[in-house]
Amino acid sequence: MLTLIAFRHAKSSWAMPGMEDFDRPLAERGLRDAPQMAAWLVETGRGPDLIVSSPSQRTRETLDLLMGPLKAEDGGPKVRYEASLYLPGPADIHYCLRHIENDAKTVLLVSHNPGLHEAVLQFLAAEEEHAAGSLRSHYPTAACAIIEFPASSWKDLSWGTGRLAAYMHPKMLAGEPV
């Protein structure tokens, strides 16, 4: 079994007019939300073997905030930055995952919407429709979906074969209405 942890970057700042989108840092809310989501992820007991991330500033900062809680005694998972994960389409995400080494059974992917949300939905099996709940319409910043696949190799990853094991975002953690 393979596990994908699909994490959307935390809330970014629009405070500096004229700044390139790629270079936007996290906003205060993002700096607060990412550590809370990292703690939730640790509670699930699903630490990644490998992290693949967009190289943008906001995804790097999100990942920095996730890494503290995720690091193990051995230094934690390997991190790989993939240019194709910056503002990707679902096909870019699928391609990236299909080229993951087989020794990584759990992969944390940090990327952007709308492509990340669309890919998560396409990965889910048809019978997962009921389990997806608010995920179908809502994938806010710092949202995280954990999807399990009945495959032994990432190269065999197919659309419509995943089972949603968990879905969380900061407002859900805080008990706020979605």
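Anyway, here's the lowdown on the structure attached to this text.

## Examining unusual backbone geometry
Here the residue pair Asn113 and Pro114 is connected by a cis peptide bond, since its omega of 5° sits within 30 degrees of zero. Examined against the element boundaries, Pro114 turns out to sit in the loop between strand 4 (106–111) and helix 4 (115–123). Positive phi outside glycine occurs at Leu87, with the angle close to 50°. Tracing the backbone shows Leu87 in the loop between strand 3 (78–81) and helix 3 (90–98).

## Brief notes about the side chain of His9
Topologically, His9 is positioned in the loop between strand 1 (2–8) and helix 1 (28–44). The class for His9 is buried, based on a relative accessible area of 5%. Not counting residues up to four positions away in its chain, the partners in contact with His9 are Arg58, Thr59, Thr62, Val110, Ser111, His112, Thr141 and Ala142.

## Some words on the packing of aromatic side chains
Under the criterion given, the structure shown has 4 aromatic pairs. Ring pairs connect the aromatic residues Phe123, Phe149 and Trp159, which therefore count as one cluster. Its end group placed over the ring of Trp14, Arg24 keeps NZ or CZ at 3.6 Å from the ring centre. The lysine or arginine in question, Arg60, covers the ring of Tyr81, its NZ or CZ lying 3.8 Å from the ring centre.

## Side note on helix 4
Three- or four-residue spacings in an α-helix give side chains the same orientation, since the helix completes a turn every 3.6 residues. Within helix 4, 7 of the 9 residues are buried, leaving the element largely enclosed by the surrounding structure. Where helix 4 is concerned, the buried positions are Gly115, Leu116, His117, Ala119, Val120, Leu121 and Phe123. Structurally, helix 4 contributes buried residues whose contacts are with strand 1, helix 3, strand 4 and strand 5 (144–149).

## Examining the pairing of strand 1
For strand 1, the buried fraction is high: 7 of the 7 residues fall into the buried class. Neither face of strand 1 is exposed, since Leu2, Leu4, Ala6 and Arg8 on one face and Thr3, Ile5 and Phe7 on the opposite face are all buried. Here strand 1 runs beside strand 5; their pairing, made up of 6 bridges, is antiparallel. In the strand pairing of strand 5, Ile5 is matched with Ile146. In this structure, strand 1 lies alongside strand 4, joined through 6 bridges in parallel fashion. By the bridge assignment for strand 4, Ile5 is matched with Leu108.

## Things to note about the state of the cysteines
Per the stated rule, a full pass over the model turns up 0 disulfides. Unpaired in this structure, Cys96 has its nearest cysteine sulfur neighbour in Cys144, at a distance of 16 Å.

What counts, and where the lines are drawn
- Residues numbered from 1 in each chain as written.
- Predicted model: local features only at pLDDT ≥ 70, side-chain atom pairs only at ≥ 80, totals over all residues.
- Heavy atoms only, no water.
- Helix = DSSP H or I, 4+ residues; strand = E, 2+ residues; numbered from the N terminus.
- Buried < 20%, exposed > 50% of the residue type's maximum accessible area, 1.4 Å probe, protein only.
- Contact = heavy atoms within 4.5 Å.
- Phe/Tyr/Trp six-rings, centres within 6.5 Å; stacked < 30°, edge-to-face > 60°.
- Lys NZ or Arg CZ within 6 Å of the ring centre and 35° of its normal.
- Pairing = 2+ DSSP bridges.
- Disulfide = S-S within 2.5 Å.

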